[in-house]
Amino acid sequence: MKIRSICPDSFASNCYLMIEGAEALIVDPSVSADAVQAALADEGARCVGILLTHGHFDHILSLDELRDAYPDATVYVHRDDAELLSDGNKNAFAIFFGQSRAWRPADHLLIDGEIILLGDARVRVLHTPGHTRGSVCYLCGDHLITGDTIFSQGYGRYDLYGGDYGALCSSLRSLSELSPALRIYPGHGPSALLGDALSSIGLA
């Protein structure tokens with residue numbers, strides 16, 4: 001499994017490719033569709049799915065463009081965040097820009113513990129509510145894509161729709177049960193070892 005980061009070009013939100021052989025999953029299409037397509041072409045991989053860690057606008061900006069470009073790719077979001085895609089207040093676009101913006105509904109609503117297959121690799125869904133009700137992390141091998149649940153030094157805000165500080169603390173404690181040697185790929189900022197990220201917030 002290879003994780004490729006596509007450098008942010010909007011709102012400093014990270015987009016990733018999970019690549020196994022000639023297949024790839026796009027995670028959080030926050031950058032331009034052109035940038036994602038160029039990265040896929042460079043890797044010689046075809047998109048088979050689009051994974052969302054949560055439904056905030058800054059993580060889904062090019063979602064509809066990419067699903068038009070790859071009509072056979074399944075779009076995944078946790079069932080508790082499904083409503084955010086079509087509601088500009090809940091996905092926070094209206095809060096920041098004073099106007100609504102909506103995206104099309106996801107194709108598949110995830111639950112905790114679900115497995116997504118990528119070639120011979122298995123990607124496990126970890127429901128980590130707190131930043132939003134449907135925030136998830138994606139675990140595959142020694143890679144953990146964490147969205148806005150945990151960063152290299154800190155964690156996501158919890159004052160927007162669906163945010164809950166108590167739930168976030170519980171989710172962070174659940175991550176502390178995983179191997180500290182996992183490498184995290186957060187929704188903002190650089191990657192880090194999970195143990196170091198947890199130490200930065202006093203949970204290692």
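Notes on the structure in this doc start here. What you are looking at is a predicted structure, and each value in this text was computed from that prediction instead of being measured.

Right, let's get into the environment of Y76. Considering the arrangement of structural elements, one finds Y76 in strand 5 (residues 74-78). Here Y76 falls in the buried class, since its relative accessible area comes to 14%. Once residues lying within four places of it in the same chain are set aside, the contact partners of Y76 are G49, I50, L51, L52, H108, L110, I116 and Y138.

Turning our attention to the sheet that holds strand 14 (residues 192-193). Reading across from one edge, 7-8-9-10-13-14 is the order of the six strands in this open sheet, with mixed pairing throughout. Edge strands, defined here as strands with exactly one partner in the open sheet, are strand 7 (115-118) and strand 14. Strand direction decides the pairing type here: strand 9 (residues 136-140) and strand 10 (residues 143-147), joined by three bridges, are antiparallel. Considered in strand 10, the bridge of C140 is made with H143.

Okay, the environment of S176 next. Within the secondary structure, S176 sits in the loop between helix 4 (165-175) and strand 13 (183-186). Measuring from C-alpha to C-alpha, the distance between S176 and Y165 comes to 17 Å, with eleven residues separating the pair along the chain. Here S176 is in contact with L198 and L203, once residues within four sequence places are set aside.

In space, the six strands of this open sheet follow the order 1-2-3-4-5-6, with mixed pairing throughout. Sheet topology places strand 1 (2-6) and strand 6 (108-110) at the edges, where each strand pairs with a single neighbour. Averaged over all pairs of adjacent strands, the angle between strand axes in this sheet comes to 25°, irrespective of strand direction. Examined bridge by bridge, strand 1 and strand 2 (residues 15-20) share five bridges and lie antiparallel to one another. Paired with R4 across the strands is L17, a residue of strand 2.

A word on a nonpolar patch on the surface. On the surface, F11, I95, F96 and F97 cluster together into a nonpolar patch covering about 400 Å² of accessible area. Following the sequence through the fold, F11 ends up in the loop between strand 1 and strand 2. Looking at F11, the relative accessible area reads 42%, which means it is partly exposed.

Here we take up the nonpolar core. Across soluble globular proteins, you tend to see nonpolar side chains buried next to one another. In this structure, L17, I26, V36, L40, I50, L52 and W103 are the most contacted members of the largest nonpolar core, which totals 30 residues. Where this core is concerned, the elements lending two or more residues are strand 2, strand 3 (23-27), helix 1 (33-43), strand 4 (46-51), helix 2 (63-69) and strand 5. Of all the elements, helix 1 adds the most residues to this core, at four residues. For L17, the residues in contact, after removing those within four places along its chain, are K2, I3, R4, I6, L25, I26, V36, A39 and L40. M18, L25, V27 and Y185 belong to the second largest nonpolar core, which has 19 residues in total.

Attention now goes to the pairing of strand 3. Among the five residues of strand 3, four are classified as buried, and the element is accordingly described as predominantly covered. Pairing of strand 2 with strand 3, which is carried by five bridges, proceeds in the antiparallel orientation. The residue bridging M18 from the neighbouring strand is L25, located in strand 3. Where strand 3 and strand 4 come together, five bridges link them in parallel fashion. Paired with L25 across the two strands is G49, which belongs to strand 4. In this fold, the crossover linking strand 3 to strand 4 by way of helix 1 has right-handed handedness.

What counts, and where the lines are drawn
- Residues numbered from 1 in each chain as written.
- Predicted model: local features only at pLDDT ≥ 70, side-chain atom pairs only at ≥ 80, totals over all residues.
- Heavy atoms only, no water.
- Helix = DSSP H or I, 4+ residues; strand = E, 2+ residues; numbered from the N terminus.
- Buried < 20%, exposed > 50% of the residue type's maximum accessible area, 1.4 Å probe, protein only.
- Contact = heavy atoms within 4.5 Å.
- Pairing = 2+ DSSP bridges.
- Axes fitted to C-alpha atoms, helices over the stretch in contact; angles between N-to-C directions.
- Patch = residues over 30% accessible without salt bridge, like charges linked within 9 Å, V, L, I, M, F, W, Y side chains within 5 Å.
- Areas by Shrake-Rupley, 256 points an atom, 1.4 Å probe, with all protein chains shown as cover.
- Salt bridge = Lys/Arg side-chain N within 4 Å of Asp/Glu carboxyl O.
- Core = buried A, V, L, I, M, F, W, Y, C linked by side-chain atoms within 4.5 Å.
- Right-handed = clockwise from strand over helix to strand, strands pointing away.

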